[in-house]
Structure formats: C-alpha cells, structure tokens
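Summary of the model geometry
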Amino acid sequence: MSEKPILFSGEMVRAILSGKKTQTCRPLKPQPTGASQADYCYPYFRDDILYVRETWGIDNTDGLQKYVYKATEPDWCACHEGFKWHPSIHMPKSVARIFIKVKAVDCLRLSCLTDRQIKAEGIEGDSELVRLAKFQCLWDSCYGDGASMLNPVVWRIEFERIEKGEAI
C-alpha cells in the first residue's frame, strides 16, 4: 500500500464530494510494440491511498490561514483583493481535503465501459445515450478533441472516499 497524488478537475471534485463519482479512467501510457498486458506498469494498486489534487488558495483574512478550494468556492478571488488560485499540480498533500482508497484496478478499452461504470464516473443524464455523450465530452475535454473516438486502452480505477485521518 502506498500514498500517491491524483489530479481531478473541479467538476469531478464536486462529483466525488457528492458521492456520485467512485471511479476514474486514465489512459495507459504507450507501451513498446509487442508488449503484453503483463508488461504494463499499474499506476495504483488495491488499498493504495490517493490524495486528490485540486485548484486551491490560501485565505489570510482575519490573520488566520485557511485553505479554500476553487471547486466549491469558485468566486472566492472576486471578493478578496490580491487573492491567487494555485494550480492543482502544485497542491501538497498537507493541503488536500479529499482522500480516496483504491478498491480495484483493471484495464479495458474506453468503449467497453458499461453504463453503470459511466455513472460511477459521476456522469448523470436521463438515458444511457445521454450519459455516454456526456462522458465522451468529458474525456475529450481532458485528453483532446476526438480522443474518445480513438478508443484508447484505459486504467479503470474504482475507489471509495475515506476520511483524512484514515490515510497513512
């Protein structure tokens, strides 16, 4: 078991916080020609603890240092002169407010995701077709226009949210 960072967009942070997102898919890094699945280097393993990196800032009003998070307080900077958001990639573990525990990791083609798995991505909609379209839009926004149509092999990482105190 190890503890590692993982990046999420504001929309996906809100889905985790609401309990709607319990899985994420990430593309496999390109492997040498002829590599088998056994040659792939798993990014995470069952029981790994991941701390969610998200856009954040420091509120120093009233002389007390408090962390604020863009996903849930997007207009904070408009109300506070000189306030600056810090990119998620620069978030230290000590600032993280969301910790997740990996339950399962497998790999599959993006098009093989079931509707249940797409819902576990935090995607909502009135029908399976609507959810699929929303998921494809989300994927393309993360990995480039048309990326979902390339049908990449992805890591499917199931997780559960845990309290910060349960982390290592």
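First, a word on scope: everything that follows refers to the structure included in this document. (Residues numbered from 1 in each chain as written. Predicted model: local features only at pLDDT ≥ 70, side-chain atom pairs only at ≥ 80, totals over all residues. Heavy atoms only, no water.)

As for unusual backbone geometry
We count it as follows: We count a stretch as a helix when DSSP gives it H or I for four or more residues in a row; a strand needs E for two or more, and each element gets its number in order from the N terminus. Accessibility here uses a 1.4 Å probe with only protein chains present; expressed as a share of the type maximum, an area under 20% marks a residue as buried, one over 50% as exposed, and anything in between as partly exposed.
Its identity as a non-glycine residue notwithstanding, Asp-47 has a phi of 75 degrees, on the positive side. Looking at the secondary structure, you find Asp-47 in the loop between β2 (23-27) and β3 (49-53). With phi around 50 degrees, Asn-151 is a residue other than glycine that occupies positive phi space. Structurally, the position occupied by Asn-151 is in the loop between α4 (128-143) and β7 (153-162). Taking relative accessible area as the criterion, Asn-151 reaches 21% and is therefore assigned partly exposed.

Some words on the packing of aromatic side chains
Put simply, the rule reads: When the centres of two rings from Phe, Tyr and Trp lie within 6.5 Å, Trp using its six-membered ring, the rings pair. Their planes under 30 degrees apart give stacked, over 60 give edge-to-face, and anything left gives tilted. In this analysis the charged atom, NZ for Lys or CZ for Arg, is taken to sit over a ring once it is within 6 Å of the ring centre and within 35 degrees of the ring normal.
Counting across every chain of the model gives 8 aromatic pairs. Arranged with centres 4.9 Å apart and planes meeting at 90 degrees, the rings of Phe-83 and Trp-85 form a pair that is edge-to-face. A relative accessible area of 15% means that Phe-83 is categorised as buried. When its relative accessible area of 16% is taken as the criterion, Trp-85 is described as buried. One aromatic cluster is present, built from ring pairs that chain together Tyr-42, Phe-45 and Trp-155. Sitting over the ring of Phe-8, Arg-26 keeps its end group 4.9 Å from the ring centre.

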